[in-house]
Amino acid sequence: MNDEGLTWKHAAGAAAVVAVPAYVGLRLWSSSGRAMPQNSWFAVAIIVLMAVAILVAAREIHRYVKGESTVVPTPQRARRTLVGAQATIVGGGAAAGWYLAQAFVHLPNADVDSIRSALIRASVLFVVSAGLSVAGLVAQAWCKNPPEDDDADRDHLPGTTA
């Protein structure tokens, strides 16, 4: 991690690290006649709720940093929010890789109705998981301290002219 925090490259890296072996494993699994893992629409709702939760938590920090709120967040809460944001970046990327691998395994048989349905669910889960990473990136950006203006502080010191 650098001074700026995690970037979209970290999310993409997590997706790739999960997608490649998951695709190979799922391909071998399904080619031996075993059923693919089933996804539900409930998982979509859970992932969306996770993204909303991290954005709500980060918004409170952001409002204070921008001076829109007088409620001072505790350092522990700010740190937990930042760590949660970074976890959603990597976790969203990993989940996106898992669902992308499933979608690619389903793709050759998309002409079958049941497979097409599973492909659609996996594709939607991929998109919302990528959205979770984006929510984490936004939340992380909202948790940044504003740049310090050393010149403005120096102008207000005793014995200096403004």
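See the structure above.
What you see is a predicted model; the values in this text were computed from it and never measured.

Peer 1: Any chance you could explain the overall build of the protein here in plain terms?
Peer 2: If you tally the helices and strands in the protein, you get five helices and zero strands. Along its sequence from the N terminus, the protein presents helices and strands in the succession α-α-α-α-α. By the burial criterion, 30% of the 162 residues in the protein qualify as buried. Restricting the contact set of the protein to residue pairs at least 6 apart, pairs at least 24 apart contribute 80%. Taken as a whole, the protein presents about 10000 Å² of accessible surface, with 65% of it coming from carbon and sulfur.

Peer 1: Would you take a moment to explain the packing of aromatic side chains for this structure?
Peer 2: Any aromatic ring pair is given by two values, namely how distant the centres are and how the planes are angled relative to each other. Inspection of the entire model under this criterion finds zero aromatic pairs. Cation over ring: Arg 34 sits above Trp 29, and NZ or CZ is 4.5 Å from the ring centre. If you follow Arg 59 out to its NZ or CZ, it ends over the ring of Trp 142, 5.9 Å from the centre.

Peer 1: Looking at this model, I keep getting lost on the nonpolar core. Mind explaining?
Peer 2: Soluble globular proteins: nonpolar side chains tend toward being buried together. Grouped together as the largest cluster of nonpolar side chains are 14 residues, with contacts concentrated most on Ile 47, Ile 54, Leu 125, Val 128 and Ala 139. Put simply, the parts of the chain that give this core at least two residues each are helix H2 (41-65), helix H3 (75-106) and helix H4 (113-142). Not counting the four nearest positions on each side in its chain, Ala 139 is found in contact with Ile 54, Leu 55, Ala 58 and Ala 85. Core analysis: the next-biggest nonpolar cluster, separate from the first, contains five residues, Ala 22, Leu 26, Met 36 and Val 105 among them.

Peer 1: What is the right way to read the side chain of Gln 140 from this model?
Peer 2: With respect to the helices and strands, Gln 140 occurs in helix H4. Judged by its relative accessible area of 6%, Gln 140 is buried.

Peer 1: Where do I start with the packing of helix H1 (residues 8-31) against H3 in this structure?
Peer 2: How two helices sit against one another is set out by the angle between their axes and by the gap between those axes. Look at H1 against H3: their axes get within 7 Å of each other, and the N-to-C directions meet at 30°. With respect to each other, H1 and H3 are oriented roughly parallel. Like other packed secondary-structure pairs, H1 and H3 cross with a definite hand, here right-handed. On H3, the residues that touch Ala 11, Ala 14, Ala 15, Val 18, Ala 19, Ala 22, Tyr 23, Leu 26, Arg 27 and Ser 30 of H1 are Ile 89, Val 90, Gly 93, Ala 94, Gly 97, Trp 98, Ala 101, Gln 102, Phe 104 and Val 105. Counted by class, the contact of H1 with H3 contains 15 nonpolar, four polar and one charged residues.

Quick notes on the rules
Per chain, the residues get numbers from 1 upward, laid out in the order the sequence is written. Restriction of local features to residues with pLDDT of at least 70 applies here, the model being predicted, together with a cutoff of 80 or more for giving and counting side-chain atom pairs; totals for whole chains, interfaces and linings are based on all residues. Side-chain numbers here rest on the full set of heavy atoms in the structure, without hydrogens or water. What counts as a helix is a DSSP run of H or I of at least four residues, what counts as a strand is a run of E of at least two, and both are numbered from the N terminus. Under the scheme applied here, a residue whose accessible area is under 20% of the maximum for its type counts as buried, over 50% as exposed, and between as partly exposed, the area being computed with a 1.4 Å probe on protein chains only. What makes two residues a contact is simply this: any of their non-hydrogen atoms within 4.5 Å. Throughout, the Shrake-Rupley method with a 1.4 Å probe supplies accessible areas, and for residues the shown protein chains are the sole cover considered. Aromatic pairs are defined between Phe, Tyr and Trp rings, using the six-membered ring for Trp, whenever the two ring centres lie within 6.5 Å; interplanar angles under 30 degrees are classed as stacked, those over 60 as edge-to-face, and all others as tilted. Ring-over charges, as used throughout, are those where CZ of Arg or NZ of Lys falls within 6 Å of the ring centre and within 35 degrees of the ring normal. Residues grouped as a nonpolar core are buried Ala, Val, Leu, Ile, Met, Phe, Trp, Tyr and Cys residues, joined through side-chain atoms within 4.5 Å. Where helices are involved, their axes are fitted lines through C-alpha atoms of the stretch in contact, as for all axes, and angles between N-to-C directions lie from 0 to 180°. Roughly parallel refers to an angle under 35 degrees, roughly antiparallel to one over 145, roughly perpendicular to one between 65 and 115, and oblique to any angle outside these ranges. Note: crossing handedness is left-handed where the near helix turns anticlockwise from the far helix by less than a right angle, and right-handed where it turns clockwise. All amino acids are sorted into three groups, where Ala, Val, Leu, Ile, Met, Phe, Trp, Tyr, Cys and Pro are nonpolar, Asp, Glu, Lys and Arg are charged, and the leftover types, Gly among them, are polar.

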